[in-house]
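Listed here are the chains, written in short residue letters.
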Amino acid sequence: QVHLVESGGGLVQPGGSLRLSCAASVRTFSVYAMGWFRQAPGKEHEFVAAISRRGTSTYYADSVKGRFTISRDNAKNTAYLQMNSLKPEDTAVYYCASDRREYGASSLKQEYAYWGQGTQVTVSS
């Protein structure tokens, strides 16, 4: 069982930045690839970014490439999503999720077994 807790969401103006954190309560955090997804009102979950278990490979949705950066600190059992140049269309509830795998990371939500409760990000002036 993996318990994930997101934090760092909030209200930010367009062009601003936020850093989301995902703290994992698990003994072996480093065996899990981590992903970030988001869900806007009335829309399906959308893949945002993912990182392999050692942090050597990262993957991004085209809509956030060049603006968002995913990272992890296995010593702290935490994954991060640095979001820069935020746009109103980035407004959503952001979820982190974990997927036990040896290599790479998936963009498919069905590959992730454990999910956090989500944190709201609102981009508005």
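Before reading on, note that the structure itself is shown above.
Residues numbered from 1 in each chain as written. Predicted model: local features only at pLDDT ≥ 70, side-chain atom pairs only at ≥ 80, totals over all residues. Heavy atoms only, no water.

Draft legend 1. Highlighting the pairing of strand β4 (residues 32–39). Burial runs high along β4: seven of the eight residues are buried. Both β4 and strand β9 (residues 92–100) contribute to a ladder of eight bridges, which runs antiparallel. When the bridges of β9 are listed, phenylalanine 37 appears paired with tyrosine 95. Relative to strand β5 (residues 46–51), β4 runs antiparallel, the two sharing five bridges. Counted as the bridge partner of methionine 34 is isoleucine 51 from β5. Where β4 folds back onto β5 in an antiparallel hairpin, the turn is made up of six residues, including glycine 42, whose phi is positive at roughly 75°. (Buried < 20%, exposed > 50% of the residue type's maximum accessible area, 1.4 Å probe, protein only. Helix = DSSP H or I, 4+ residues; strand = E, 2+ residues; numbered from the N terminus. Pairing = 2+ DSSP bridges.)

Draft legend 2. Quick peek at unusual backbone geometry. Within the chain, asparagine 77 stands out as a residue other than glycine whose phi angle is a positive 55°. Tracing the backbone through its elements, the reader meets asparagine 77 in the loop between β7 (68–73) and β8 (78–83). Despite not being glycine, serine 85 shows a phi value in the positive range, around 50°. Position of serine 85 relative to the elements: it lies in the loop between β8 and β9.

The values are spatial; any link to function lies outside them.
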